[in-house]
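Structural characterization, general
So you can see what is in the structure, the chains are spelled out below.
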Amino acid sequence: MPFLSEAASAIKSRFGFHHHPSSDSMSLVQNTPDLLKSAAKDSLVQSSVVRSIGNWDNDEDASSAATCSTAVSSGQSFEFCEDPSFWKDHNVQVIIRMRPLSNAEVSVQGHKKCVKQESSQTITWTGHPESRFTFDLVADENVSQENLFKVAGVPMVENCMGGYNSCMFAYGQTGSGKTHTMLGDIEGGTRRHSVNCGMTPRIFEHLFSRIQKEKEARRDEKLKFTCKVSFLEIYNEQILDLLDPSSNNLQLREDIKKGVYVENIKEVEVTNARDVIQQLIQGSANRKVAATNMNRASSRSHSVFTCNIESQWESQGVTLFRFARLNLVDLAGSERQKSSGAEGERLKEATNINKSLSTLGLVIMNLVSISNGKSLHVPYRDSKLTFLLQDSLGGNSKTIIIANISPSICCSLETLSTLKFAQRAKFIKNNAIVNEDASGDVIALRIQIQQLM
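Counting from 1, residues in each chain are numbered in the order their sequence is written. It should be noted that, the model being predicted, local features are given only for residues of pLDDT at least 70 and side-chain atom pairs only at 80 or more, the latter also being counted only at that level, while totals for whole chains, interfaces and linings use all residues. Values shown for side chains rest on all heavy atoms present in the structure; no hydrogens or waters enter the calculation.

The protein is annotated in an unreviewed UniProt entry as Kinesin-like protein of Stylosanthes scabra. UniProt positions are given in the numbering used here, feature names are shortened, and annotations may be inferred rather than shown by experiment. Database annotation for the protein, UniProt heading Sequence similarities (unreviewed entry): "Belongs to the TRAFAC class myosin-kinesin ATPase superfamily. Kinesin family. KIN-12 subfamily."

Have a look at this one:
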């Protein structure tokens, strides 16, 4: 696909990205948007992309990064490690991810940055006055995709296997590296361990590996899994099905059992990671992107990739069911018209993006106030984005928020805004529960009850 290679080259040049094949741990976490996006200047690009992924299983593991890495920032070393006990006591995790300065930024402003990392959990905005922020984790530009996945993605898969709804979403200004974090380089399709492969493909590779191991370990229980995926975008406050472009302006519905869902969206059953990658490639090619002054391949919509995971097994004459919904969200970036140069259709898109992100900020602010004992209305229904993510924000979900920031001086105010948003999000209180049900012989149930008495 010539346009993909050209776009990839342009994006890598724009953000100073260079591949370092000799060391995964030294690969830079770049502000490199999804390489499936076109760098077209004036129009949206919707291209069909066909890729062979038949060699998926033939790739050898090219990465052996440990779960804990040491990031070097301004001459200081900070460990970026998973806390094994974190999810036992918490339902919301906030991670800051900082991209490197681009070549263009270095040529204009040198290596000066608007933020300074103080520890593995603290970061300081160096404007006037200085502001210090504390989060669950801070990942600088030296933290690889692989290590971020091991710290954030692996526990998310374990939560899903345990029957918890889970959500991961990337937040930040346009050009801060959100799509790189969530999707990364899936251009090759066959390179399972490409150093720039993002969270979504890595999560599903691990998920199906865990499913296979679980089925083998519990063969006597006749354990079965069913996974169905959907892929949508919210563009100008309309919901579009990325797996079925003919379906547009889909409607949100709410159900006591199902929660909030999209009516008539296409769901595809998947049985392995290759199936998921095919759907990701197909849907990403249909997503709305366009060029702005700040990003040659700027997402003009919010995208949500959802996987519904169902399992069932037998125990003492009773059939048990477990459910989990996994949402992986790539938000469109907030942008200032003066900086992005948005005009006409781009300006309309930016207005709708900023409006939905403002509603998201208000929802989080009100949720934090409620957790502090105040009685407030939470305006979930004021935007399609917040209505769809209602369970993930203040509801039944274990949620990870990755706030992507730019260290560039020219992005200083946007970076401060993102840090403040992430700081508020830390105080959201979700109520995640295991989603289980049972059906079977009433006599068997009575026997179980008697055994427990």
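UniProt tags Gly172, Gln173, Thr174, Gly175, Ser176, Gly177, Lys178 and Thr179 as "binding site: ATP" (unreviewed entry). Only DSSP runs of H or I with at least four residues qualify as helices, and only runs of E with at least two residues qualify as strands; both kinds are numbered from the N terminus onward. Locating Gly172 in the fold gives a position in the loop between β8 (166-171) and α5 (178-182). Only protein chains enter the calculation, and the probe is 1.4 Å; a residue is then buried if its accessible area is under 20% of its type maximum, exposed if over 50%, and partly exposed in between. The class of Gly172 is buried, set by a relative accessible area of 2%. Among the structural elements, Gly177 can be located in the loop between β8 and α5.

Turning our eyes to something else, we now look at the packing of helix α4 (residues 145-161) against helix α6 (residues 199-217). Relative orientation of the contacting elements α4 and α6 amounts to 45°, with a least axis distance of 9 Å. By the criterion of interaxial angle, the relationship of α4 to α6 is oblique. The interaxial crossing formed by α4 with α6 has right-handed handedness. Contacts between α4 and α6 involve Gln145, Glu146, Leu148, Phe149, Gly153, Val154, Met156, Val157, Glu158 and Met161 on the former and, on the latter, Met199, Arg202, Ile203, His206, Leu207, Arg210, Ile211 and Glu214. Residue classes follow a fixed rule: Ala, Val, Leu, Ile, Met, Phe, Trp, Tyr, Cys and Pro count as nonpolar, while Asp, Glu, Lys and Arg count as charged, and any other residue, Gly among them, counts as polar. Residue classes in the contact of α4 with α6 are distributed as 10 nonpolar, 3 polar and 5 charged. For helices, the fitted axis covers only the stretch in contact; all axes are lines through C-alpha atoms, and the angles between them, taken along N-to-C directions, range from 0 to 180 degrees. What sets the label is the angle itself: under 35 degrees gives roughly parallel, over 145 gives roughly antiparallel, 65 to 115 gives roughly perpendicular, and the rest give oblique. Put simply, a crossing is left-handed when the front helix is turned counterclockwise from the back one by less than a right angle, and right-handed when it is turned clockwise. Residues count as neighbours in contact if any of their non-hydrogen atoms are within 4.5 Å of one another.

To continue, consider the packing of aromatic side chains. Stacked, edge-to-face and tilted are the three classes for Phe, Tyr and Trp ring pairs, Trp counted by its six-membered ring, which pair at centre distances within 6.5 Å; planes under 30 degrees apart are stacked, over 60 edge-to-face, the rest tilted. Per the counting criterion, the structure on display carries 5 aromatic pairs. Between Phe86 and Trp87 the ring centres are 5.1 Å apart and the planes differ by 85°, which places this aromatic pair in the edge-to-face class. Of the aromatic side chains, those joined through ring pairs into one cluster are Phe204, Phe231 and Phe305. Placement of a charge over a ring requires the Lys NZ or Arg CZ to be within 6 Å of the ring centre, with the centre-to-atom vector within 35 degrees of the ring normal. Sitting over the ring of Trp313, Arg218 keeps its end group 4.7 Å from the ring centre.

Estimates place the volume of the largest pocket at around 1,100 Å³. Using a 1 Å grid laid over the protein atoms alone, points where a 1.4 Å probe fits but cannot get out form a cavity; open sets with protein on both sides within 12 Å along at least 5 of 7 lines form a pocket; any residue with an atom within 4 Å of a point counts as lining. Lining the largest pocket are 38 residues, and of these Lys257, Lys258, Gly259, Asn308 and Arg325 sit closest to its centre. Those elements that place two or more of their residues in the lining of the largest pocket are β9 (224-235), β11 (252-255), β12 (259-262), β16 (302-315), β17 (318-330) and β19 (435-440). With 5 residues, the single largest contributor to the lining of the largest pocket is β16. Grid points are joined across faces, edges and corners, and a volume is the space filled by probe spheres set on the points.

Glancing now at the sheet that holds strand β4 (residues 115-117). Taken in spatial order, the 3 strands make up an open sheet running β4-β5-β6, and their pairing is antiparallel. Lying at the two open borders of the sheet, with one neighbouring strand each, are β4 and β6 (131-134). In this sheet, adjacent strand axes meet at a mean angle of 25° when their direction is disregarded. Following DSSP output, two strands are said to pair if at least two bridges run between them. One ladder, built from 3 bridges, connects β4 with strand β5 (residues 122-125); its direction is antiparallel. Opposite Val115, over in β5, you have Trp125 as the bridge partner.

Residues that lie three or four places apart on an α-helix share one face, since the helix turns once every 3.6 residues. Multiplying one less than the number of residues by 1.5 Å gives the expected span of a helix. The first and last C-alpha atoms of α4 sit 22 Å apart over 17 residues, in line with the 24 Å expected at 1.5 Å per residue. Along its length, α4 shows its largest kink, about 35°, at Val151, and proline Pro155 lies within four residues downstream of that point. Most of α4 is tucked away, with 15 of its 17 residues classed as buried. Of the residues flanking the end of α4, it is Gly163, one or two places downstream, whose phi is positive at about 95°. Fitting axes to the seven residues ending at a residue and to the seven starting there, one defines the bend at that residue as the angle between these axes.

We now examine the pattern of salt bridges. Here the idea is simple: oppositely charged side chains can pair when their charged atoms come close. In the sections that follow, a salt bridge refers to a side-chain nitrogen of Lys or Arg positioned within 4 Å of a carboxyl oxygen of Asp or Glu. Under the criterion given, the structure shown has 14 salt bridges. With a shortest N-O distance of 2.8 Å, Glu105 and Arg99 are connected by a salt bridge. Summarising the burial analysis for this pair, Glu105 and Arg99 share the class buried. For Lys113, the salt bridge goes to Glu141, with nearest N and O atoms at 2.9 Å. Taken together, the residues Lys113 in the loop between α3 (103-109) and β4 and Glu141 in the loop between β7 (137-139) and α4 connect sequence positions 28 residues apart. One salt-bridge network, held together by shared partners, links Glu158, Arg210, Glu214, Arg218 and Glu221.

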